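# Architecture and fold: a report
So you can see what is in the structure, the chains are spelled out below.
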Amino acid sequence: QNNGGTDDAMRDMLRENRGLREASSELDRIIDQGRSTFNNIIEQNRTLKNAKKKILDVASAMGVSASLVGHIDRRNKEDKYLVLGGMLLTLFILFSLWYLLRW
């Protein structure tokens, strides 16, 4: 009778071990996917920087004034801060709603 309890315990441990191995494998896959996504974003950033440099070079070659190029560059920075502010405001609103509605 004690042997049956041991078999059940062993079966439970094997099932738990299998589940942990599957979870570990899944986490490794997710981490690899995250690394791949991060590397893709870095590569896209490089591509966009190169495109920006080429566009500014072409604009300069076409006789576009340096002040206009500077204005465009400043506008890009302002837009970046505007988007960041919008994301922070959205997060604040979502967390506020979550906090208020969890009661």
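Here's what I pulled together on the structure shown here. (Residues numbered from 1 in each chain as written. Predicted model: local features only at pLDDT ≥ 70, side-chain atom pairs only at ≥ 80, totals over all residues. Heavy atoms only, no water.)

### Quick notes on the packing of aromatic side chains
For any two aromatic rings, the description comes down to two numbers: the centre-to-centre distance and the angle of the planes. Tallied over the entire structure, the rule returns 0 aromatic pairs. Its guanidinium or amino end placed over the ring of Trp98, Arg102 lies 5.2 Å from that ring's centre, counting from NZ or CZ. (Phe/Tyr/Trp six-rings, centres within 6.5 Å; stacked < 30°, edge-to-face > 60°. Lys NZ or Arg CZ within 6 Å of the ring centre and 35° of its normal.)

### Brief notes about the pattern of salt bridges
Overall, the coordinates contain 8 salt bridges when judged by the stated rule. Notably, a salt bridge pairs Arg46 with Glu43, separated by 3.2 Å at the nearest N-O pair. With Arg46 and Glu43 both in helix H1 (residues 2-61) and 3 residues apart, this pair spans about one turn of that helix. Given a relative accessible area of 48%, Arg46 falls into the partly exposed group. For Glu43, a relative accessible area of 43% translates into the label partly exposed. With a shortest N-O distance of 2.8 Å, Lys52 and Asp73 are connected by a salt bridge. Separated by 21 residues along the polypeptide, Lys52 in helix H1 and Asp73 in helix H2 (residues 66-101) bring together distant segments of the chain. (Salt bridge = Lys/Arg side-chain N within 4 Å of Asp/Glu carboxyl O. Helix = DSSP H or I, 4+ residues; strand = E, 2+ residues; numbered from the N terminus. Buried < 20%, exposed > 50% of the residue type's maximum accessible area, 1.4 Å probe, protein only.)

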